[in-house]
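The chain contents come next:
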Amino acid sequence: MSRFAKWGVWSLSAVLFASVLSACAQPKGSSTAPGASGPSTQPTPGAAWDGTLTIGLPANPTSLDPRVTLDGIAKTIYYNAYEYLVVVKPGTSADLVGDLADSFSASADGKQWTFKLKSGHKFWDGTPVDSGAVKFTFDSMLKINQGPASDFRTIKEIQTPDAQTVTFVLTEPFSIFPNLLTDIGIINPKVMEKEKGGDYGSGYLAQNLMGSGPYRLADWKPNQSVVLEAVPDYWGTQPKAKKVVFPIFTELSNLRLQLEKGDLDIAWGIPTDQMMSMFNKPGIKVQDNVGFDFIYVYLNNLKKPLDSVKVRQALSYATDYDSILNDLLQGHGKQLKGPYAFAAEGYKEPTFYYKRDLAKAKQLLADAGYPNGFTFTLLYASPTVGAAQAAQVLQANFAEIGVKVQLQEIAEATRRDRVDKGDFEASMGQWVKTAQPYWTMNVWHDSSRFGLAGDRSFYKNPQVDDLLRKAVAEMDATKRADTYRQAQDLIMQDAPYIYLYQRNSMLPMRDSVKGYLYNPVPYRINLPDLSK
Amino acid sequence: MRNPSGRWTLILLVVIAVATIAAPLFTHYDPIKISMAQRLKAPSSAHWFGTDEVGRDVLTRVLYGGRLSLAMGLMVVILAGSVGTVLGLFTGYYGGSLDEILMRALDIVMAFPPLVLAMAVSAMLGPSLQNAMLATAIVQAPRFTRVVRSEVLLLRDAEFVQAARATGASDLRLLFRYILPNCFSSILVLATLSVGTAILTAASLSFIGLGAQQPTPEWGAMIAGGRTYLLDAPWYPTFPGVFIFAVVLSFNVLGDGLRDALDPRLRGRG
Amino acid sequence: MKRLRYFAWRLLALIPILAGVTLVTFLISHAIKGDPARVLAGDMADEATLASIRRQFNLDKPLPIQYLTYVSNLAHGNLGMSYQSRRPVAESIRAALPATIELALTATLFGTAVAIPLGIVAAVKRNSTVDHIIRVGSVGGVSLPVFWFGLVLLVLFYRQLGWLPAGGRYDPRLVPPADHTGFLLLDSLLAGDPGAFWLGLKHLVLPAFVLGYGYMALVARMVRSSMLEVLSQDYIRTARSKGLRDGRVVYGHALRNAMIPTLTVVGMGVANLLGGAVLTESVFGWPGLGKLSVDATLSLDYPVIMAVTLIITTAYVLVNLVVDVLYGILNPQVR
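As the structure is a computational prediction, the values presented were derived from the model and not from experiment.

Caption draft 1: Structural context of the overall build of chain B. When you go through chain B residue by residue, the secondary structure sums to 10 helices and 0 strands. Mapped from its N terminus to its C terminus, chain B presents α and β elements in the order α-α-α-α-α-α-α-α-α-α. With respect to the principal axes defined by its C-alpha atoms, chain B has extents near 75 × 45 × 25 Å. Within the span of chain B, comprising 270 residues, buried residues form 63% of the whole. Within chain B, contacts between residues separated by at least 24 positions form 72% of all contacts whose residues are at least 6 apart in sequence. Between the centroid of the 21 positive side chains of chain B and the centroid of its 16 negative side chains there is a distance of 4 Å.

Structure below.
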């Protein structure tokens, strides 16, 4: 009896596992139609659209104050509630176009930037968006001095000669100043009525919105959902979707399940690996665009043996860029052929870039005095997209030239701390910003930015420093691009980082979603034109 | 061992143990070497359990990974079980303020969010496999203390203990010769159930640097790493899970058999 | 009377325990490598920015001063401000705690209600097919990875069958009943909205099942094993030999004694459910304390870490107090 029972139990559990496996592997097409049963409130296909869009997000937003937050999720939420002096022109990767600004111009020395404001833009309470609001937003941001404030340290003074004119006076020439402004929503100065303890209203704006954009905050249940609604009596064009619901997910597979089933219209934050299978799912289209999301490896230029140029070049030659791009990303990205990113302002394909060449790598290693290789530790943390896999590929690549890599996954806060202090040999890194060469050129390589501030390889080349600083002060775009290219040539010889790839921006959505226009600024979705 | 299901699971455990130790005999794949062209392939005759996200054979990694996982699961349970049991014996037997203070201290340890504890261990002692085991053991030990203590409270005034005490047996002898054997069944239940929990807990710490690091194969880490692929490549996190299930099940049935063999009063029943 | 005094003593002991907890949590959370000012200010911040943030959040003071400030704020009922959300910590707790209690309570009720009868049946019908099925089933509870089990259930009940929602506490597109207690089921009853109650219940089923399953496994195994042990005791044999019917022996004598070690596991379980529901909460997007504490730990949000730990510890100590008192009632020999 007992033996028989045992077998029964075993075969039962085997059947259970098998059925569960097949349930997982079963294609989506066989499932019940969305809305046919269950709790789905999705309207049945063909029914009139109720004006609600549902966009899944991968985390709870932190503070919603544009003057304070650095959080991408928060930016997605607040983006359509505020207006900006300038925004990136839809359909381009780097061209700026006025949003609140009618026009803008710089003084010849690049130290004064003047913006003429459009008239008729109003905050939700009816107050006009004038130069005073712009000045208030930036002044208070600098006073609060958190988050984005560090990008604006060059502001000496903000002048408002009249209600429609605002002039930023800078301490030094800064040719790409307007590019920074696409991030900062102009805030209604009446927020000062909510000020508490000298916080310029940032406590209130952490969980409220006070802008002049077409959407306002209707509800926010932390870790559950955020709801935006169209502003009633809006001064401008009414958006098509009257209500946008953002459910918040912590399990990203669940986010994907809901998109596949049709309970979500758009899913933001599906991991790269799962994204690949979204490309051939019925009912789903993936918006696949050139992005400004970079994956690279910091090599600590101050630590032996990575302080040797030849060693760093050897590692750059040993890296299998094609495998990383084609196998991990299935081609949805580009090799980062240098820090001057593809599709950035003034980009030209570089003449020199690293390709896999093991013979050369071994030769360089021998020349550097390490014919038998060496060992180093490569750190990574889970928030870095694709880091674990890329790190394993690198480990295998370097093993082929005798370099042994010890992989170490650590907590993100610890990784950042160690990178900042230079207490590491190598680390996987990710950088998400806009299409300005400034970010990947100046910020990554200027030796005044050692540590987390940007130069995370602790790279120092005085000639490069000079060129970079010259470039950012150069008001002529063509000359600026040329100077950056000169700097890039020097940098590539020094190989301070291993430049891996530039990842596409991939956003999966239901076929029924209409009017999507790609916004190349990371984390931005233009909501007003979206409909179903 | 007279219990037939105990015998079967003992055989199963031995088979798993032998398969992991003699892994190279059962598979010709390299558990470490990646092969990007073969990534996330479904189970086939070439790869019985499919491949993982960098193209390694899952069966091979499950077999090799068993060495570390089994050793780790057992070590954690032995460490947590022995420390927890000894604490439970003394605190339950002597009672009084020792008991109060110790139990309240353990309340704190048990209530502590495991992740905070693990991160602190990793910050203070450095991230390593040993420290992952230590952190897991710290989390698990108080369970043993609590269970053993509650048994001791029940047993210390039992007739047979009173009788032994009357014959002049020392406290230590009473505790370890008379009381401890009677706690075995609870300890074994907890211990055998804890092996799986220990492997899974240790794995959940790997993303903060505690635990096995890539490319070392280990069941818990495979499950954690395969998490993202559950929908597209269910074989990857599932097979290591099946093995943990089988091991925990075997330990449980084995534990029951062992108890029958050890517990004087259960002998001959069944 | 004596028991009452003991009870009061234990309640009083809560104060030094919580003081100890704050100190230990404070020290341990500050031992984690990383700079919260850096997390807040971002990568590009200069030293001056960092310094101003440290000043604002009191992080520039020596640790003992920071600790004392924290404790004195706590004494005034102020849990501080979250670095991340910039909201009062109390607000986040107020939102997350009822969700966690609702889930933990349901899981405990479900787990206990199922586990005790199963354990008894398994013990009485030892080595039968029923016993084997119960044992194998309960092993699943402790060895199945939660995210795996949770997702498989979602695929089955959400994607394939469409019977249950995919996660969260409520449909985000709908307006939930007015928030009086924070307990959604209770609120929907107060609002007299059976539809909302039903929807809330449907959201609760899967997470409560997954969370309760592991707990059930432990309790069922413990009941079975304790029952077996007690059934073999001399007095039970005596009772049996005296011709008492099996039913009375099992339920009258054996169960009562078998409950004591079981109670311990139940007590541990309840507390673990409060703090240890992290994985379940994240698979099902349940906005509870577990999720809050993980986010806080990873972003070095000290005030939130401290508050969550304090609450879980208090709950823990209280639950164990109840368990200890129940010991006394079940077994007069103890105290």
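Caption draft 2: Region of interest: the pattern of salt bridges. Per the counting criterion, the structure on display carries 41 salt bridges over all chains. Bridged by salt links that share partners, the residues R256(A), E260(A), K281(A), D232(B) and R159(C) form one connected network.

Caption draft 3: Molecular detail of the interface of chain B and chain C. With 57 residues of chain B in contact, the opposing surface of chain C contributes 65 residues. Interface area for chain B against chain C, summed over the two sides, is near 5,700 Å², with a carbon-plus-sulfur share of 65%. There are 0 salt bridges connecting chain B and chain C. On inspection of chain B and its partner chain C, the count reaches 1 residue pair in polar contact (both at pLDDT 80 or more). Secondary structure elements with two or more residues in the side of chain B that touches chain C: α4 (96–111), α5 (114–125), α6 (129–155), α8 (171–204) and α10 (235–262) of chain B. Its residues assigned to classes, the side of chain B that touches chain C shows 31 nonpolar, 10 polar and 16 charged.

Caption draft 4: Fine view of the sheet that holds strand β7 (residues 165–170) of chain A. All names here are of chain A. Strands sit in the order β4-β5-β7-β6 across an open sheet of 4 strands; the sheet is antiparallel. The strands lining the two open edges of the sheet, one partner per strand, are β4 (101–106) and β6 (155–162). Neighbour-to-neighbour, the strand axes of this sheet turn through a mean angle of 15°, independent of strand direction. Summarising the sheet, β6 and β7 pair through 5 bridges and their orientation is antiparallel. Residue pairing for β7: Q159 is matched across the bridge by T167. With respect to the sheet, helix α3 (residues 131–144) is in contact with β5 (112–117), β6 and β7, its orientation differing from that of β6 by roughly 165°.

Caption draft 5: Region of the structure containing helix α14 (residues 462–473) of chain A. Residues and elements named next belong to chain A. For α14, which comprises 12 residues, the first-to-last C-alpha distance of 17 Å matches the rise-based estimate of 16 Å (1.5 Å per residue) to within 8%. The complete set of buried residues in α14 reads V464, D465, L467, L468, A471 and V472. The arc enclosing the buried residues of α14, seen along the axis, measures out at 170°, which places them on a common side. The exposed set on the far side of α14, more than 90 degrees from its buried face, consists of P462, Q463, D466 and K470.

Caption draft 6: Spatial organisation of the packing of aromatic side chains. A full pass over the atoms with the stated rule returns 48 aromatic pairs over all chains. Seen from their ring centres, Y296(A) and W444(A) are 3.9 Å apart, and the 5° between their planes marks the pair as stacked. Taken together, the positions of Y296(A) in strand β12 (residues 284–299) and W444(A) in helix α13 (residues 437–445) put the pair 148 residues apart, joining distant regions of the chain. Classification of W444(A) as buried rests on a relative accessible area of 0%. Here K355(A) stacks its cationic end above the ring of Y353(A), 4.6 Å away from the centre of that ring. A cation over an aromatic ring shows up here: R87(C) above the ring of W220(A), its NZ or CZ 4.3 Å from the ring centre.

Caption draft 7: Region of the structure containing the interface of chain B and chain A. Contacts between the two partners involve 35 residues from chain B and, on the opposite side, 33 residues from chain A. For the pair chain B and chain A, the summed buried area comes to about 2,900 Å², and 62% of that belongs to carbon and sulfur atoms. For D273(A), the salt bridge goes to R39(B), with nearest N and O atoms at 3.0 Å. Between chain B and chain A we count 11 residue pairs in polar contact (both at pLDDT 80 or more) in total. Put simply, the parts of the chain that give the side of chain B that touches chain A at least two residues each are α1 (4–21) and α10 of chain B. At 7 residues, the largest contribution of residues to the side of chain B that touches chain A is made by α10(B). Split by residue class, the side of chain B that touches chain A holds 22 nonpolar, 7 polar and 6 charged.

Caption draft 8: Here's a closer look at the environment of L74(C). Structurally, L74(C) can be placed in helix α4 (residues 63–75). Looking at L74(C), the relative accessible area reads 24%, which means it is partly exposed.

Caption draft 9: Structural context of the environment of R39(B). For R39(B), the position within the fold is in the loop between α2 (23–26) and α3 (58–94). Separated by 12 residues in the primary sequence, R39(B) and T51(B) have C-alpha atoms spaced 6.0 Å apart. If we skip the residues at most four places from it in the chain, R39(B) touches D273(A), D327(A), L328(A), Q389(A), T51(B), D52(B), E53(B), V54(B) and G55(B). Here D273(A) takes part through its side chain, which lies 3.0 Å from a polar atom of the side chain of R39(B).

Caption draft 10: Structural view of a nonpolar patch on the surface. Residues and elements named next belong to chain B. Taken together, the side chains of L79, V83, L87, M124, L125, L134 and I138 present a nonpolar region at the surface, about 570 Å² in accessible area. Secondary structure elements with two or more residues in the nonpolar patch: α3, α5 and α6. For the nonpolar patch, the leading source of residues is α3, giving 3 residues. With respect to the helices and strands, L134 occurs in helix α6.

Caption draft 11: Molecular detail of the side chain of T319(A). Residues and elements named next belong to chain A. Relative to the helices and strands, T319 resides in the loop between α8 (309–318) and α9 (321–328). With relative accessibility at 0%, the residue T319 sits in the buried group. A polar atom in the side chain of T319 sits 2.8 Å from the backbone oxygen of L315. Not counting chain neighbours up to four residues away, the residues in contact with T319 comprise I324, R356, L394, N397, F398, I498 and L500.

Rules and cut-offs
Residues numbered from 1 in each chain as written. Chains lettered and ligands numbered in written order. Predicted model: local features only at pLDDT ≥ 70, side-chain atom pairs only at ≥ 80, totals over all residues. Heavy atoms only, no water. Helix = DSSP H or I, 4+ residues; strand = E, 2+ residues; numbered from the N terminus. Buried < 20%, exposed > 50% of the residue type's maximum accessible area, 1.4 Å probe, protein only. Contact = heavy atoms within 4.5 Å. Lys, Arg positive; Asp, Glu negative; His and termini not counted. Charge placed at Lys NZ, Arg CZ, Asp CG, Glu CD. Salt bridge = Lys/Arg side-chain N within 4 Å of Asp/Glu carboxyl O. Buried area = accessible area lost by both parts, 1.4 Å probe. Polar contact = N/O pair within 3.5 Å; in protein donor to acceptor, adjacent residues only side chain to side chain. Nonpolar A, V, L, I, M, F, W, Y, C, P; charged D, E, K, R; others polar. Pairing = 2+ DSSP bridges. Axes fitted to C-alpha atoms, helices over the stretch in contact; angles between N-to-C directions. Expected span 1.5 Å × (residues − 1). Arc of directions from axis to C-beta. Phe/Tyr/Trp six-rings, centres within 6.5 Å; stacked < 30°, edge-to-face > 60°. Lys NZ or Arg CZ within 6 Å of the ring centre and 35° of its normal. Patch = residues over 30% accessible without salt bridge, like charges linked within 9 Å, V, L, I, M, F, W, Y side chains within 5 Å. Areas by Shrake-Rupley, 256 points an atom, 1.4 Å probe, with all protein chains shown as cover.

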